[in-house]
Amino acid sequence: MMPAPFLEGMNVEADWTNEFELAYGRREHYPMAEVFLRINGQERTTICIFGSTESQPILGPYPLEGFGLMADPVNQRLVPAQLFLA
């Protein structure tokens with residue numbers, strides 16, 4: 001998720017909307033788009049949600065898994081994740 005004004009400033013246009021249930025139970029529709037994301041010199045496409053102006057940028061599980069990364073909350077950084085195939 002990124003604040004919508006930031007995405008719009010980068011000329012990203014929403015392609016569809018999805019409904020999400022928020023932490024306090026209310027359901028809202030948010031615009032979404034596929035975007036290019038670069039982390040540590042690697043680039044992938046991922047799905048991005050257009051958040052409100054006050055939204056904090058959030059790197060969720062979808063792009064993290066695509067980059068093979070996980071969050072290290074103690075050191076506040078991204079680290080390689082062990083990937084599994086079923």
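What counts, and at which threshold
- Residues numbered from 1 in each chain as written.
- Predicted model: local features only at pLDDT ≥ 70, side-chain atom pairs only at ≥ 80, totals over all residues.
- Heavy atoms only, no water.
- Helix = DSSP H or I, 4+ residues; strand = E, 2+ residues; numbered from the N terminus.
- Buried < 20%, exposed > 50% of the residue type's maximum accessible area, 1.4 Å probe, protein only.
- Phe/Tyr/Trp six-rings, centres within 6.5 Å; stacked < 30°, edge-to-face > 60°.
- Pairing = 2+ DSSP bridges.
- pLDDT = per-residue confidence, 0-100.

J.: Looking at this structure, I do not really get unusual backbone geometry. What am I missing?
T.: Peptide bonds are, in most cases, trans, and in most cases residues other than glycine have a negative phi. Positive phi is not limited to glycine here, since N11 has a value of about 60°. Structurally, N11 is set in the loop between α1 (4–9) and β2 (16–21). Phi is positive for N40, close to 50°, though the residue is something other than glycine. One can find N40 in the loop between β3 (27–39) and β4 (42–51). Note on N40: relative accessible area 67%, which makes it exposed.

J.: For this particular structure, what's the right way to read the packing of aromatic side chains?
T.: Here a ring pair, both rings aromatic, is described through the centre-centre distance and the interplanar angle of the planes. Within the structure shown, the criterion is met by one aromatic pair. Between F20 and Y30, the ring centres sit 6.0 Å apart and the planes meet at 70°, which makes this aromatic pair edge-to-face. With F20 in strand β2 and Y30 in strand β3, the pair connects residues that are ten residues apart, well separated along the chain.

J.: Please clarify how the sheet that holds β3 should be interpreted in this entry.
T.: Two strands in a sheet stick together by hydrogen bonds in their backbones, pointing the same way (parallel) or opposite ways (antiparallel). Spatially, β1-β4-β3-β2 is the arrangement adopted by the four strands of the open sheet, whose pairing is mixed. A single partner strand is all that each edge strand has here, and the edge strands are β1 (2–3) and β2. Note that β2 and β3 share six bridges and pair antiparallel. Counted as the bridge partner of T17 is P31 from β3.

J.: Help me out: how do you make sense of the pairing of β4 in this one?
T.: Remember that side chains alternate between the two faces of the sheet whenever the strand is regular. For β1 and β4, the ladder comprises two bridges, and the chain directions are parallel. Looking across to β4, one finds that P3 is bridged to G51. Where β3 meets β4, eight bridges bridge the pair, whose relative direction is antiparallel. Bridge pairing links L37 to R44 in β4.

J.: What am I meant to see in the confidence of the model for the protein chain here?
T.: Atomic detail in the predicted coordinates should be set aside for any region of low pLDDT. Mean pLDDT for the protein chain: 95, with 100% of residues reaching 70 or above. At the low end of the mean pLDDT range in the protein chain sits helix α2 (residues 61–67), at 94; at the high end sits β2, at 97.

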